[in-house]
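Residue-level listing of the chains:
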Amino acid sequence: RENDNAYTSSLKGILLCRSLHTDYSLGATMLNLGSALVNLQRFDTAIVVLNQAEEILKITNGKGPNLMILSLLELSFVGLRKFDLVKSTSEKLLAVARSSKDDWTMGEAYSGLVDYYVHEKKFGTARSYLQKYLEIAKKRMFPIEMREAYNQAVTVDVGLGNLAGCDYYSSLRDSIDDKVRSDRIIKNTQDLEAKYSLNRKQAEIDDLNKQKKIQQLVLRQRNTMNWVLASIVL
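Now for a description of the structure that goes with this document.

Basis of the calculations
- Residues numbered from 1 in each chain as written.
- Predicted model: local features only at pLDDT ≥ 70, side-chain atom pairs only at ≥ 80, totals over all residues.
- Heavy atoms only, no water.
- Buried < 20%, exposed > 50% of the residue type's maximum accessible area, 1.4 Å probe, protein only.
- Helix = DSSP H or I, 4+ residues; strand = E, 2+ residues; numbered from the N terminus.
- Contact = heavy atoms within 4.5 Å.
- Salt bridge = Lys/Arg side-chain N within 4 Å of Asp/Glu carboxyl O.
- Axes fitted to C-alpha atoms, helices over the stretch in contact; angles between N-to-C directions.
- Parallel < 35°, antiparallel > 145°, perpendicular 65-115°, else oblique.
- Left-handed = near helix turned anticlockwise from the far one by under 90°.
- Nonpolar A, V, L, I, M, F, W, Y, C, P; charged D, E, K, R; others polar.
- Expected span 1.5 Å × (residues − 1).
- Polar contact = N/O pair within 3.5 Å; in protein donor to acceptor, adjacent residues only side chain to side chain.
- Phe/Tyr/Trp six-rings, centres within 6.5 Å; stacked < 30°, edge-to-face > 60°.
- Core = buried A, V, L, I, M, F, W, Y, C linked by side-chain atoms within 4.5 Å.

**Focus on unusual backbone geometry**
One non-glycine residue with positive phi stands out, namely H21, at about 55°. Taking relative accessible area as the criterion, H21 reaches 75% and is therefore assigned exposed. Although it is not a glycine, K101 sits at a positive phi angle of roughly 55°. For K101, the location among the structural elements is in the loop between α5 (83–100) and α6 (103–119). Residue K101 is classed as exposed on the basis of its relative accessible area of 73%.

In structure tokens form, the structure reads like this:
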């Protein structure tokens with residue numbers, strides 16, 4: 001999730017492909033750029049890049065719609081609150097995902113449809129798609145996906161006036177937030193310990209190099225003195 005680095009690396013990849021005058025991997029690299037732009041919430045630019053990536057991938061791969069591109073377009077339309085496009089893109093994504101039996105993208109499609117029907121205030125229909133999304137999220141047990149599903153469940157239950165359900169899914173969402181926060185603290189601590197260890201080792205190396213230089217200087221001075229004494233004797 002180092003999105004700035006992903007964005008920069010993707011641009012370098014595109015420049016490299018174009019300097020070599022090849023479309024090989026250009027579509028995939030533009031797809032990576034589109035993903036970084038979505039994560040940076042630059043949705044308008046992401047849509048332009050993703051559409052270009054889709055055209056290139058059609059030429060180079062000769063396949064049907066790309067699931068990742070459809071998923072990222074869906075997220076972009078949600079971010080821009082263009083809900084008619086969210087609905088059409090989610091339905092297209094769902095159809096392609098079902099044909100390829102791809103659980104992850106089916107979940108993304110259900111999530112998009114939940115967003116659409118919540119916007120339309122059709123909370124009963126949103127609930128039916130949410131149940132399907134929750135089933136997939138629980139089966140995959142991916143924390144970020146589960147958090148999004150629980151967060152949508154909170155919104156749907158608020159719309160339905162189901163306060164007990166709202167409290168239940170809020171607690172589940174918060175427990176994931178606590179775990180993610182705890183994992184982040186552990187990782188940051190490990191990074192600090194590794195950095196401290198590296199700095200300590202570097203200090204030890206510098207100290208050894210310093211001692212070695214002192215020894216070489218003393219030896220050089222001793223040799224010089226020996227030559228002086230030998231000259232005096234002669």
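**What about the environment of L73?**
If you trace the backbone, L73 turns up in helix α4 (residues 67–80). On the basis of relative accessible area, L73 is assigned to the buried category, the value being 7%. Taking the C-alpha atoms as reference points, L73 and T89, 16 residues apart in sequence, are found 7.4 Å from one another. Contact partners of L73, with chain neighbours within four places excluded, come to I47, L50, N51 and T89.

**Quick word on the pattern of salt bridges**
Scanning all chains against the criterion turns up six salt bridges. Between D103 and K139 there is a salt bridge, with its nearest N and O atoms 3.0 Å apart. Here D103 is found in helix α6, whereas its partner K139 is found in helix α7 (residues 123–140), with 36 residues between them in sequence. In this structure, D177 and R147 form a salt bridge, with 2.6 Å as the shortest nitrogen-oxygen distance. One end of the pair, D177, is in helix α9 (residues 163–233); the other, R147, is in helix α8 (residues 143–160), and 30 residues separate them in sequence.

**Here we look at the packing of α5 against α6**
One way to put it is that α5 packs onto α6 with a least axis distance of 8 Å and a crossing angle of 155°. In terms of their interaxial angle, α5 and α6 are classed as roughly antiparallel. Considering the relative orientation of α5 and α6, their crossing is left-handed. Residue-level contacts link F83, D84, V86, K87, S90, E91, L93, L94, A97 and R98 of α5 to T105, M106, E108, A109, Y110, G112, L113, D115, Y116, Y117 and H119 of α6. In the contact of α5 with α6, the residues fall into 11 nonpolar, four polar and six charged.

**Points about α7**
Across its 18 residues, α7 extends 25 Å between first and last C-alpha, which sits within 8% of the 26 Å expected from 1.5 Å per residue. Inspection of α7 places F123, A126, L130, Y133, L134, I136 and A137 among the buried residues, and these make up the whole buried set. Positive phi appears at M141, one or two residues downstream of α7, with a value of about 55°.

**Section: the environment of S100**
With respect to the secondary-structure elements, S100 resides in helix α5. Classification of S100 as partly exposed rests on a relative accessible area of 40%. For the pair S100 and L67, spaced 33 residues apart in sequence, the C-alpha to C-alpha distance is 9.6 Å. Reaching out from S100, the side chain makes a polar contact with the backbone oxygen of V96 at a distance of 3.1 Å.

**So, the packing of aromatic side chains**
What the rule picks out here adds up to five aromatic pairs. Considering the side-chain rings of Y117 and Y129, the 5.7 Å spacing of their centres and the 10° angle between planes classify their relative orientation as stacked. With a gap of 12 residues between them, Y117 in helix α6 and Y129 in helix α7 connect regions that are remote in the sequence. Linked through ring pairs, Y110, Y116, Y117 and Y129 together constitute an aromatic cluster.

**So, the nonpolar core**
M30, L50 and I69 are the most contacted members of the largest nonpolar core, which totals 52 residues. Among residues more than four places away in sequence, those in contact with L50 are L31, G34, V38, I69, L72, L73 and S76.

**Side note on the packing of helix α1 (residues 3–19) against helix α2 (residues 26–39)**
Contact geometry of α1 with α2 gives a least axis separation of 9 Å together with a crossing angle of 155°. Considered as vectors, α1 and α2 are oriented roughly antiparallel to each other. As for how α1 packs across α2, the hand of that crossing is left-handed. Counted together, N3, A6, Y7, S10, L11, G13, I14, C17 and R18 of α1 and L26, T29, M30, N32, L33, A36, L37 and N39 of α2 form the full contact between these two elements. Tallied by class, residues from the contact of α1 with α2 come to 10 nonpolar, six polar and one charged.

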